[in-house]
Amino acid sequence: MKTVHDIVATIERALKEDPRPCCFHCLGVTSEDLCEQVEKHIKENLSTAYTVEKGTCHKKDHQARVIHPRDAGTAMPSYKDKG
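Residues numbered from 1 in each chain as written. Predicted model: local features only at pLDDT ≥ 70, side-chain atom pairs only at ≥ 80, totals over all residues. Heavy atoms only, no water.

1. Describing the overall build of the protein
The criterion, for reference: Secondary structure elements follow DSSP: runs of H or I no shorter than four residues count as helices, runs of E no shorter than two count as strands, and numbering proceeds from the N terminus. Each residue is assigned to one of three classes by its accessible area relative to the maximum for its type, calculated with a 1.4 Å probe on protein chains only: buried under 20%, partly exposed between the two thresholds, exposed over 50%. We call two residues in contact whenever any of their non-hydrogen atoms come within 4.5 Å of each other.
Check the secondary structure of the protein and you find 2 helices and 3 strands. Secondary structure elements of the protein occur, N-terminal to C-terminal, as α-β-α-β-β. Sorting the 83 residues of the protein into buried and exposed places 35% on the buried side. Intrachain contacts of the protein at a sequence separation of at least 6 include 53% that bridge at least 24 residues.

Next comes the structure, spelled out in C-alpha cells:
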C-alpha cells in the first residue's frame, strides 16, 4: 500500500507535467480517507507550492477539490464562460 508521501510524490510529478488544476480522484487517489490525509499533508507541508480548493478538474471537466501549483495561477475559463 502506498504511503501519503508516495502519493504526494506521484501528484507532484503529475503536476510538473501538466500544472492545470486536477482533482485527487483523477490523480489516482480514490479513497476518501487518503484524500483527506493527502490534502492535510499538502496544506501543512507544501502550502507554499500547492493550492487545494474547490474548482474545475481539467481531466473530466467536473467540479471537485482540485490541486494545482501556486505559480500556475488559476484555472483557465471554459469556453461556456466567454460571452
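The structure having been displayed, the exposition proceeds.
2. Observations concerning the nonpolar core
Short version of the rule: As used in this record, nonpolar core signifies buried Ala, Val, Leu, Ile, Met, Phe, Trp, Tyr and Cys residues forming a set joined through side-chain atoms within 4.5 Å.
Counting 22 residues, the largest nonpolar core has I11, F24, V29, V38, I42 and I67 as the members making the most contacts within it. For this core, the secondary structure elements donating two or more residues are α1 (4–17), β1 (22–23), α2 (32–45), β2 (50–57) and β3 (62–69). It is α1 that provides the largest number of residues to this core, a total of 5 residues.

3. Things to note about the confidence of the model for the protein
Just so we agree on the cut-off: Residue-level confidence of the predictor is summarised by pLDDT, bounded by 0 at the bottom and 100 at the top.
The pLDDT averaged across the protein works out to 84; a share of 84% of its residues lies at or above 70. Within the protein, no element has a lower average pLDDT than β3, which sits at 91, and none a higher one than β1, at 94. Contacts from residues 74–83, a stretch scored under 50 in pLDDT, to residues over four places away or in other chains number 2 contacts.

4. Topic: α1
Basically, it comes down to this: Expected span of a helix: the number of residues minus one, times 1.5 Å.
Helix length check: α1 (14 residues) gives 20 Å between terminal C-alpha atoms against 20 Å at 1.5 Å per residue, within 8%. Against α2, β2 and β3 lie the buried residues of α1.

5. As for α2
Put simply, the rule reads: To obtain the arc, one takes the directions from the helix axis to the C-beta atoms.
Helix length check: α2, at 14 residues, gives a terminal C-alpha distance of 20 Å against a target of 20 Å (1.5 Å per residue), a fit within 8%. Looking only at α2, the buried set comprises L34, C35, V38, E39, H41 and I42. When α2 is viewed along its axis, its buried side chains cluster within an angular range of 160 degrees and face the same direction. Turned more than 90 degrees away from the buried face of α2 sit E32, K40 and E44, all of them exposed. On its buried side, α2 packs onto α1, β2 and β3.

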